[in-house]
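For reference, the chains in residue letters:
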Amino acid sequence: QVCHGPAGGGLTACAILRLRGVLTRLGVCKPGMDFDRLLEIGIKPEFPHGAIQWRQAFSSAAASGAGFKPADRKGGGGKPGGQGDAKAKGSNDGSLEGKLANAEHGKVVTRFPPEPSGYLHIGHAKAAMLNHYYAKSFGGKLILRFDDTNPALEKQEFADSMTVDLARLNIKPDRVTHTSDYFDYLQKLCEDLILKGKFYVDDTPQAQMAEERDQGTENARRRQSPEENCKLFKEMIAGSKKGQECCVRAKMDMQSKNKCLRDPVMYRCKVDAVHPRHGTKYKAYPTYDFACPVVDSHEGVTHALRTIEYKDREPQYQWVIEAAGLRPVNIQEFSKTQFSHTVLSKRKLTKFVEAGLVDGWDDPRFPTVQGVLRRGMTVEALLEFVTSIGASKNNNLMEWDKIWAINRQKIDPITPRYPAVNKEGAVKFTLVNGPEKPEGKIDKKHQKNDDLGTRLIYLTKEVYLEQDDAALVEKGEEITLMHWGNAFVDEITKDGSGKVTALTGRIHPEGDVKKTKKKLHWVPVLDSQLTEFTMREYDHLITKAKIEDDDVLDDLINPNSQIDTICVGDPLLKTLQKGDKLQLERRGFFIVDQIAISSRNQQLVLVAIPDGKSKGMSVVQAKIDPSKLQGGSKSLTPEQRAKLEKEVEEQGERVRGLKASKAPKDEVDKAVAVLLELKKKLGGDAKKADGKDKGAAKAAPADAGKKEKKGAAKAAAAPAAERPLDDVSRLDIRVGVIKEVWEHPESDKLWCEKIDLGEAELRNIGSGLRAHVTKEEMLGAKVCVLANLKEKKLAGFPSHGMVLCASPTGDGVVELLRAPDAAKIGERVGFAGFDGEAEPTLTQKKNKDALGAVAPSLVVNDQCQATYKGVVFTTSAGPVTCKSNKGGSIS
């Protein structure tokens with residue numbers, strides 16, 4: 001019952017993993033077990049005619065170790081068992097399925113071709129996982145090919161580390177090859193193409209050659225005879241002085257608007273470098289532009305996955321294959337992974353390592369696979385993140401919060417909890433009626449996971465509290481000491497500066513922990529048994545969100561990106577092993593980076609794991625502001641916010657003006673980049689890149705400017721929490737366009753949609769409208785979305801909002817609420833007289849449910865306009881309407 005899918009259909013990833021999980025707990029399923037084992041133990045699919053699909057799905061999950069969905073369906077859409085590239089109907093991995101053109105089940109061959117000139121980083125991980133996914137889901141093969149054509153940069157150390165990292169990611173290639181395996185073949189092919197007049201040898205100085213390519217000017221060498229070119233090529237192969245002055249170029253098109261086709265270099269000399277595998281045997285080496293298409297075709301690759309940055313090189317790739325008379329290869333593009341405050345260039349990362357600015361390639365501040373794993377990332381989170389962004393071609397600068405939030409979901413249920421306090425400033429709390437001698441108490445390591453076992457808690461007459469907690473405690477207040485009970489604070493001692501130095505109080509065993517406002521962690525005053533350790537927090541290594549080509553890297557290095565704090569904590573912390581993950585109560589998640597060894601005087605080191613949140617778990621202050629790690633902003637004063645809002649508005653107008661005047665793209669892009677930086681400082685509501693709104697509750701009336709000149713500006717609305725519960729401006733209703741629609745694979749009531757709200761990525765939203773609104777009506781509709789709802793799983797589909805509709809008063813059909821065609825994507829729908837900011841996230845808790853309070857007053861008027869208490873839903877282009885449901889309710 002927990003595992004079966006629809007008759008004749010493929011299994012979802014969740015069903016496969018649930019099945020494997022159940023069998024593992026029963027002790028009958030081992031890693032790598034295939035479908036036949038199910039039959040041996042008497043477990044059969046509910047739908048016998050779907051046995052083939054079950055077998056392949058189950059076995060693929062076992063082989064990949066990943067939560068991908070390789071469901072084999074008959075025919076169609078570029079999915080296993082069919083051809084083409086129709087859109088998939090999945091959820092998270094919907095952006096992966098159905099996007100491999102001309103794919104045939106059992107015949108797909110992909111390749112992952114890293115250059116062994118550094119360690120694998122998160123961008124490589126995405127590429128490797130995508131290649132692995134497509135190969136396995138189509139029953140094909142994955143080739144790991146080391147592109148070792150530049151001996152000056154490559155080392156065997158890097159190749160070995162990449163192999164290890166791929167294994168960590170559960171990626172097992174079917175073949176491992178090197179481009180250098182084909183050097184003799186490539187050399188012979190190059191000579192053949194020279195003789196055919198396709199290639200020529202050029203000894204033009206490098207600077208002059210670059211200028212000629214830029215201007216589209218041919219030089220005399222382009223017209224020299226094949227015989228002369230072959231003679232010079234042999235000089236290159238020998239590594240002679242003359243040969244070192246030359247390179248081989250493809251005779252493409254020097255006048256092409258695509259400068260990648262202006263006779264690119266195919267072979268060059270490198271005589272001083274020692275190749276990791278071949279030593280000094282070769283003096284001339286093929287370039288990536290030549291070797292990649294040739295070896296792809298030669299090795300039988302059917303689909304070459306490349307980042308979108310290679311788009312202009314695609315005609316070059318195909319030209320080489322055609323000129324050489326080789327089998328064609330399908331090219332599949334996907335976006336390049338880019339994170340804020342992050343360098344992914346191996347050349348730049350090497351500088352950090354060589355300059356001693358980091359511990360090494362596995363430094364937790366590095367975006368390498370080893371670095372992020374050392375910082376506490378899980379392979380499961382990495383896999384889920386890749387499937388969520390899929391093979392999209394949209395290049396976006398992503399914050400780290402999404403991937404770390406996914407990681408938090410993975411580790412939260414399985415990490416034990418321990419208390420610890422800062423050693424410096426720790427406040428001794430004396431409990432006058434506490435135990436005279438330490439007493440022991442057994443408690444769970446995780447209150448919701450009995451499998452993690454228990455720990456011994458020492459109850460003592462004196463305990464240490466955090467300075468930040470002690471500073472907020474009031475005399476006479478009843479507090480809760482976590483895992484012990486309530487206590488009264490009777491006396492507070494402070495020094496001359498007002499800093500708390502000691503507390504005195506008493507245990508109150510009869511106290512109700514549900515009635516106290518402060519639940520505080522603590523450690524017993526048993527100095528000889530407590531674990532002293534280093535708590536290590538990391539900030540961004542780079543101070544700028546997006547690094548431009550003309551930036552000087554040395555100017556952007558954060559000199560204070562590592563901050564250590566000495567803490568004391570639970571005695572059991574000494575027993576933790578390297579790589580163990582845990583939560584320090586009310587602080588956050590950590591990973592053991594160095595174990596404690598008393599005989600060597602080696603102290604435990606715990607590294608903080610980001611959790612994707614912009615706020616800390618409690619009032620206990622971290623040394624690194626969490627909002628900085630997530631791309632958020634610190635709290636702003638009203639004056640600072642007003643100033644920033646004005647700057648955002650002015651820059652938004654500037655962007656719109658540039659777009660309206662059809663200014664050059666690079667000029668618009670620069671203006672947008674400035675706007676994004678301003679909005680990042682503002683935080684909160686300001687998410688749009690084009691400056692079309694600044695989070696104001698309603699579109700400004702045309703005569704707003706005149707009114708402002710005549711009188712004083714209207715006072716700012718109170719914060720959401722201070723306004724009436726039925727204030728409609730608590731709701732964040734945005735204009736959006738439905739870009740994709742597909743049927744939910746497991747629910748006949750749900751549509752799954754991707755909606756453009758003007759944000760960095762399209763939003764996933766589920767709607768129970770399949771019985772009311774057709775797919776054709778949904779697709780491309782300009783709708784109103786309630787955008788500040790908490791994420792909700794609809795039959796497993798993660799929905800981040802609600803498409804608003806009008807229901808009929810009697811017989812009839814549900815209709816979409818539609819914004820005017822001229823309304824701006826992402827703008828906030830306004831209501832005259834309701835000008836406040838929206839709640840960050842709506843809640844359904846009792847006495848706090850704003851949506852529930854507002855809903856009864858959301859109706860359609862006689863003009864088919866959406867209203868709240870008679871006030872019309874307004875956009876910059878006019879009112880929000882439905883087709884015909886006069887008097888209908890809105891939900």
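Check the entry above for the structure.
Structural notes, computed from the coordinates. This structure is a prediction, so every number in the text was calculated from the model and none was measured.

Procedures and definitions
Residues numbered from 1 in each chain as written. Predicted model: local features only at pLDDT ≥ 70, side-chain atom pairs only at ≥ 80, totals over all residues. Heavy atoms only, no water. Helix = DSSP H or I, 4+ residues; strand = E, 2+ residues; numbered from the N terminus. Buried < 20%, exposed > 50% of the residue type's maximum accessible area, 1.4 Å probe, protein only. Contact = heavy atoms within 4.5 Å. Areas by Shrake-Rupley, 256 points an atom, 1.4 Å probe, with all protein chains shown as cover. Salt bridge = Lys/Arg side-chain N within 4 Å of Asp/Glu carboxyl O. Pairing = 2+ DSSP bridges. Lys, Arg positive; Asp, Glu negative; His and termini not counted. Polar contact = N/O pair within 3.5 Å; in protein donor to acceptor, adjacent residues only side chain to side chain.

## A short note on the overall build of the chain
The secondary structure content of the chain amounts to 22 helices and 41 strands. For the chain, with 891 residues in total, the buried portion stands at 51%. For the chain, restricting intrachain contacts to residue pairs at least 6 apart in sequence, the fraction spanning at least 24 positions comes to 69%. Only carbon and sulfur atoms are counted for the fraction: they give 50% of the accessible area of the chain, which is about 41,700 Å².

## Focus: the pattern of salt bridges
Going through the model one piece at a time under the given rule, you end up with 45 salt bridges. One salt bridge in this structure joins R145 and D296, with 2.7 Å as the shortest N-O distance. You can see R145 sitting in strand 2 (residues 141–146) and its partner D296 sitting in helix 10 (residues 288–298), a full 151 residues away along the chain. Just as R145 is buried, D296 falls in that class too. Between D289 and R313 there is a salt bridge, and its shortest N-O distance comes to 3.1 Å. Taken as a pair, D289 in helix 10 and R313 in the loop between strand 8 (303–307) and helix 11 (314–324) lie far apart in primary sequence, 24 residues in all. Here the residues in one salt-bridge network are D359, D362, R374, K578 and D593, joined through shared partners.

## Notes on the environment of I765
Looking at the secondary structure, you find I765 in strand 30 (residues 763–767). Put simply, I765 and C752 are 13 residues apart on the chain and 6.1 Å apart in space, counted from C-alpha to C-alpha. Residues within four places of I765 in sequence aside, it is in contact with W751, C752, E753, I755, V785, F797, S799, H800, G801, M802 and V803.

## Remarks on the pairing of strand 30
Along strand 30, 5 of the 5 residues are buried, which leaves the element largely enclosed by surrounding structure. Note: strand 29 (residues 751–756) against strand 30, 5 bridges, orientation antiparallel. The residue bridging W751 from the neighbouring strand is S767, located in strand 30. From the end of strand 29 to the start of strand 30, which pair antiparallel, there are 6 residues, and G758 there has a positive phi angle of about 80°.

## Description of the sheet that holds strand 28 (residues 733–743)
Overall, antiparallel pairing links the 5 strands, which are arranged 30-29-28-31-34 in an open sheet. At either margin of the open sheet sits one strand with a lone partner, and together these are strand 30 and strand 34 (802–803). Across 2 bridges, strand 31 (residues 782–786) lies against strand 34 in antiparallel orientation. Paired with V785 across the two strands is V803, which belongs to strand 34.

## What about the environment of L169?
Along the chain, L169 falls in the loop between helix 5 (156–168) and strand 3 (175–178). Along the chain, L169 and E380 lie 211 residues apart, while their C-alpha atoms are 8.5 Å from each other.

## Comments concerning the side chain of E815
By the secondary structure assignment, E815 is in strand 36 (residues 815–816). Of the side chains bearing the opposite charge, K883 lies closest to the buried E815, which forms no salt bridge; the N-O distance is 6.5 Å. A polar side-chain atom of E815 sits 2.6 Å from a polar atom in the side chain of S884. With near-sequence residues (within four places) excluded, E815 lies in contact with C805, A806, C882, K883, S884 and N885.

## A short note on unusual backbone geometry
Phi angles above zero are rare outside glycine, and N170 is one such case at about 60°. With respect to the helices and strands, the residue N170 is situated in the loop between helix 5 and strand 3. Looking at N170, the relative accessible area reads 24%, which means it is partly exposed. The residue A795 is not glycine, and still its phi comes out positive at about 50°. With respect to the helices and strands, the residue A795 is situated in the loop between strand 32 (792–794) and strand 33 (797–799). Taking the relative accessible area as the measure of exposure, A795 reaches 43% and is therefore partly exposed.

## Regarding the sheet that holds strand 37 (residues 858–860)
Strands belonging to one sheet form pairs held by backbone hydrogen bonds; the direction of such a pair is parallel or antiparallel. Strand order in the open sheet formed by 3 strands is 37-38-39, and the pairing between neighbours is antiparallel. Looking along the sheet, the strands with just one partner apiece sit at the ends: strand 37 and strand 39 (871–872). With 3 bridges connecting them, strand 37 and strand 38 (residues 866–868) associate as antiparallel partners. Of the residues in strand 38, the one forming a bridge with L858 is Y868.

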